[in-house]
Amino acid sequence: MAHTRVGDLLKTGEIGTAVTLQGWVRTKREGKGVGFLEVNDGSCLASIQVVVVQESLGGALKQVNTGAAVQVLGTLVASQGKGQRVEVQAQTLTLVGAADAETYPLQKKRHSFEFLREIAHLRPRTNSFGAVFRVRNTCAMAVHQFFQERGFLWVHTPMITVSDCEGAGERFQVTAFDLTQPALPPKLDFTEDFFGRPAYLTVSGQLEAEIMAMALTNVYTFGPTFRAENSNTSRHLAEFWMVEPEMAFCDLEGDADLAEAFLKHIFRTVLEQCPEDMAFFQERISDRVLDNAHKIIDEPFARISYTEAIALLEHSGHAFEFPVHWGIDLQSEHERYLAEVHFQRPVVVMDYPANIKAFYMRLNDQVDPQRQTVRAMDVLVPGIGELIGGSQREERLEVLEQRMRSVGLNPEDYWWYLDLRRFGSVPHAGFGLGFERLVQFMTGMGNIRDVIPFPRYPQNAEF
RNA sequence: UCCUCAGUAGCUCAGUGGUAGAGCGUCCGACUGUUAAUCGGAUGGUCGCUGGUUCGAGCCCAGCCUGGGGAGCCA
């Protein structure tokens, strides 16, 4: 059915044109002679006002309540009232789908995000969530645009893996066993299972992305990722989307350069394409949203080494709950001090101690044996903390094997990963970005569960 | 998983041992080119669950459940 999007009508609709409008009623104001509907179709933040003359359409208006789906045939006219440029003078009003006013949960008032989370099937119909999902969409398109313009290939890494690697947290097991039949042998025989061995949902596409980069040079993944951690925070999900570029012939500095250009591009694109939604977040969610965005776009990121960061924290005069000394992993309070208090903008911290980072990160040349570091980098941002984590990968076969053994991994289990170092190995680097954290940072939304349509977290998989 | 705060009407909350409340929503009416409409009236409750203390518990105690915030793990 041909119809006109609300966003087009409000922005560029010409007065006097006939329109077919379809959408959902946000509110109704009914008087004796004339009634008003606010109709929204998600195409933009604003709703459009529909004017209904009671004597001709009053009967139809009676049935139309908040939440109802309607179709309006009418004419776009200049608004007599204040608050909008144009409005639709209705000739016919059709109730497409009724909504019972007494039981429809959304009212024309502000609702708490906690309440809306319980009705995640209806919350996209609110201003806040409409704005979140439009911005999320624009972020996703900007991710692809950024990499595609630079010749990166989008590669599809598996969601089911058998490699017991990465050490990146608890995994969800995947099995074809019927777990409702407890008549299992004393010891599960996974050779009888679907893949012939234990299998899991992926916690990262990085190792496979490295394979692809060793042939295609520059690649990225963008897809769902799963962690079975019992994390109950405003920054964690059990199912989230991750962006992982991987570049051959690239070192850590190139990796950090890419991360910075990447974030600048995403923010610039969203500010250009979603100005109304971003203004909404600035006004209603967090008054730091636009300031954050402009700092990302306009200012170079701060860059310091881990060792410098530790010294900076030690001399900050700030009393931290977790004492600071060389060798600790940076705690949330440390990351936030760096990004929010000291630099007040994103900061890239590089060259972390080897023993707090993953086995695949490239060892730096030893300057001080007591202070062995690896080529890791984290991008820390105000409000969120770690937004991006990346590294230059260890490309030297012997060093990598040694490193794996020292952390208790069996190199034979990673034969294909090591083959990449046996045949045509090159320096390479990449990073991982939690997509929801990006959207969270972009919009100022306080809880990550409110930037994904259907959040999964412990004890919650409704909808 | 740990710490902490909370759970009372559809929503947001008040009620600190003695008859269950307000605003908003909803419904009815009035009024009006309205726009968080306005005005009047009405509607609305397993006080999270279970047990305990007490003459008497929304309130005190214990356990559990659910949610928020913080922490850890991480992206």
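None of the values given here were measured: they were computed from a predicted structure.

(A) Examining the pattern of salt bridges more closely. Taken as a whole and assessed by the stated rule, the structure comprises 22 salt bridges. Close ionic contact of Asp 277 with Arg 134 constitutes a salt bridge, the shortest N to O distance being 3.0 Å. Of the two residues, Asp 277 is situated in helix α7 (residues 275-284) and Arg 134 in helix α4 (residues 127-149); the sequence distance between them amounts to 143 residues. Arg 134 shares its class with Asp 277; the two are buried. The closest approach of N and O atoms between Glu 260 and Lys 264, which form a salt bridge, is 3.6 Å. Taken together, the residues span about one helical turn, with Glu 260 and Lys 264 both in helix α6 (residues 252-273) at a distance of four residues. A relative accessible area of 11% places Glu 260 in the buried class. Assessed through its relative accessible area of 13%, Lys 264 is described here as buried. Each of Asp 257, Glu 260, Lys 264 and Arg 303 takes part in a single network of salt bridges with overlapping partners.

(B) Fine view of α4. The end-to-end C-alpha distance of α4, which contains 23 residues, comes to 33 Å, matching closely the 33 Å that a straight helix rising 1.5 Å per residue would cover. Where α4 terminates, the next one or two residues include Gly 151, which has phi positive at roughly 80 degrees.

(C) Seen up close, the layout of surface pockets. Empty space within the second largest pocket amounts to approximately 820 Å³. For the second largest pocket, the lining is made up of 33 residues, of which Arg 26, Arg 125, Thr 126, Asn 127 and Ser 128 are closest to its centre. Broken down by secondary-structure element, the contributors of at least two residues to the lining of the second largest pocket are β1 (18-30), β2 (34-40), α3 (113-118), α4 and α7. Looking at the lining of the second largest pocket residue by residue, the class counts come to 11 nonpolar, 12 polar and 10 charged. Looking at which domains feed residues into the lining of the second largest pocket, each of domain 1 (6-108) and domain 2 (123-450) gives three or more.

(D) Looking closely at the nonpolar core. Phe 262, Leu 263 and Met 377 are the most contacted members of the largest nonpolar core, which has 88 residues in total. Two domains each provide a minimum of three residues to this core, namely domain 1 (6-108) and domain 2 (123-450). Discounting chain neighbours no more than four positions away, the residues touching Leu 263 are Ile 296, Phe 301, Val 379, Leu 387, Ile 388, Leu 433 and Leu 438. Membership of the second largest hydrophobic core comes to 36 residues, among which are Phe 320, Val 324, Leu 400 and Tyr 417.

(E) Expanded view of the sheet that holds strand β5 (residues 86-97). Taken together, the five strands give a closed barrel; going around it, the order is β1-β2-β3-β5-β4, and neighbouring strands pair in mixed fashion. Strand-to-strand twist in this sheet, taken as the mean axis angle between neighbours without regard to direction, amounts to 55 degrees.

(F) Inspection of the protein's contact with RNA strand B at higher detail. Neighbouring RNA strand B are 49 residues; Gly 31, Lys 82, Thr 233, His 236 and Arg 437 lie closest to it. Counting only atoms of RNA strand B within 4 Å of the protein, the sugar-phosphate share comes to 50%. A distance of 2.8 Å separates a base oxygen of RNA strand B from a polar atom in the side chain of Gln 49. In the model, a phosphate oxygen of RNA strand B is placed 2.4 Å from a nitrogen or oxygen of the Arg 117 side chain. Elements with a contribution of two residues or more to the surface near RNA strand B: β1, β2, β3 (48-53), β5, α3, β11 (239-248), β15 (385-393) and β16 (428-434).

(G) Seen up close, the sheet that holds strand β7 (residues 160-161). Read from one edge of the open sheet, three strands run β7-β9-β8, paired in antiparallel fashion. In this open sheet, the two strands that pair with only one neighbour each are β7 and β8 (173-174). The pairing of β7 with strand β9 (residues 199-201) spans two bridges and is classified as antiparallel. Opposite Ile 160, over in β9, you have Leu 201 as the bridge partner.

(H) Examining helix α10 (residues 332-342) more closely. Taken residue by residue, α10 has His 334, Glu 335, Tyr 337, Leu 338 and Ala 339 as its buried positions. For α10, the secondary structure elements touched by its buried residues are β12 (302-305), α9 (306-314), β13 (347-353), β14 (373-381) and β15. Positive phi appears at Gln 344, one or two residues downstream of α10, with a value of about 55 degrees.

(I) Layout of the packing of α4 against α6. Across the interface, α4 lies against α6 with an axial gap of 9 Å and an inter-helix angle of 135 degrees. When the axis of α4 is compared with that of α6, the two are oblique. Handedness of the crossing formed by α4 with α6: right-handed. Between α4 and α6, the contacting residues are Val 135, Thr 138, Cys 139, Ala 142, Val 143, Gln 145, Phe 146, Phe 147 and Glu 149 on the first element and Leu 258, Ala 261, Phe 262, His 265, Ile 266, Thr 269, Val 270 and Gln 273 on the second. A breakdown of the residues in the contact of α4 with α6 according to their chemical character gives 11 nonpolar, five polar and one charged.

(J) Broad picture of the packing of α6 against helix α8 (residues 289-298). Interaxial distance between α6 and α8 falls to 8 Å at its minimum, and their mutual angle equals 130 degrees. The angle between α6 and α8 places the two elements in the oblique class. Crossing of α6 over α8 shows left-handed handedness. Here Leu 263, Lys 264, Phe 267, Arg 268 and Leu 271 of α6 lie close against α8, whose contacting residues are Leu 290, Ala 293, His 294, Ile 296 and Ile 297. Taken together, the residues that form the contact of α6 with α8 break down as seven nonpolar, one polar and two charged.

(K) Just the environment of Glu 462, in detail. Within the secondary structure, Glu 462 is located in the segment after α13 (435-443). The sequence separation of Glu 462 and Leu 61 amounts to 401 residues, and the corresponding C-alpha distance is 35 Å.

(L) Local environment of the environment of Lys 28. With respect to the helices and strands, Lys 28 occurs in strand β1. According to the relative accessible area criterion, Lys 28 is buried, its value standing at 17%. Along the sequence, Lys 28 and Val 39 sit 11 residues apart, while their C-alpha atoms lie 9.2 Å from each other. Among the polar contacts listed, one links the side chain of Lys 28 to the backbone oxygen of Val 64, at a separation of 2.9 Å.

Rules used in this analysis
- Residues numbered from 1 in each chain as written.
- Chains lettered and ligands numbered in written order.
- Predicted model: local features only at pLDDT ≥ 70, side-chain atom pairs only at ≥ 80, totals over all residues.
- Heavy atoms only, no water.
- Salt bridge = Lys/Arg side-chain N within 4 Å of Asp/Glu carboxyl O.
- Helix = DSSP H or I, 4+ residues; strand = E, 2+ residues; numbered from the N terminus.
- Buried < 20%, exposed > 50% of the residue type's maximum accessible area, 1.4 Å probe, protein only.
- Expected span 1.5 Å × (residues − 1).
- 1 Å grid on protein atoms, 1.4 Å probe; cavity = no way out; pocket = protein on both sides within 12 Å on 5 of 7 lines; lining within 4 Å.
- Points joined across faces, edges and corners; volume = space filled by probe spheres on them.
- Nonpolar A, V, L, I, M, F, W, Y, C, P; charged D, E, K, R; others polar.
- Domains from an automatic or database assignment.
- Core = buried A, V, L, I, M, F, W, Y, C linked by side-chain atoms within 4.5 Å.
- Contact = heavy atoms within 4.5 Å.
- Pairing = 2+ DSSP bridges.
- Axes fitted to C-alpha atoms, helices over the stretch in contact; angles between N-to-C directions.
- Near = heavy atom within 4 Å.
- Polar contact = N/O pair within 3.5 Å; in protein donor to acceptor, adjacent residues only side chain to side chain.
- Parallel < 35°, antiparallel > 145°, perpendicular 65-115°, else oblique.
- Left-handed = near helix turned anticlockwise from the far one by under 90°.

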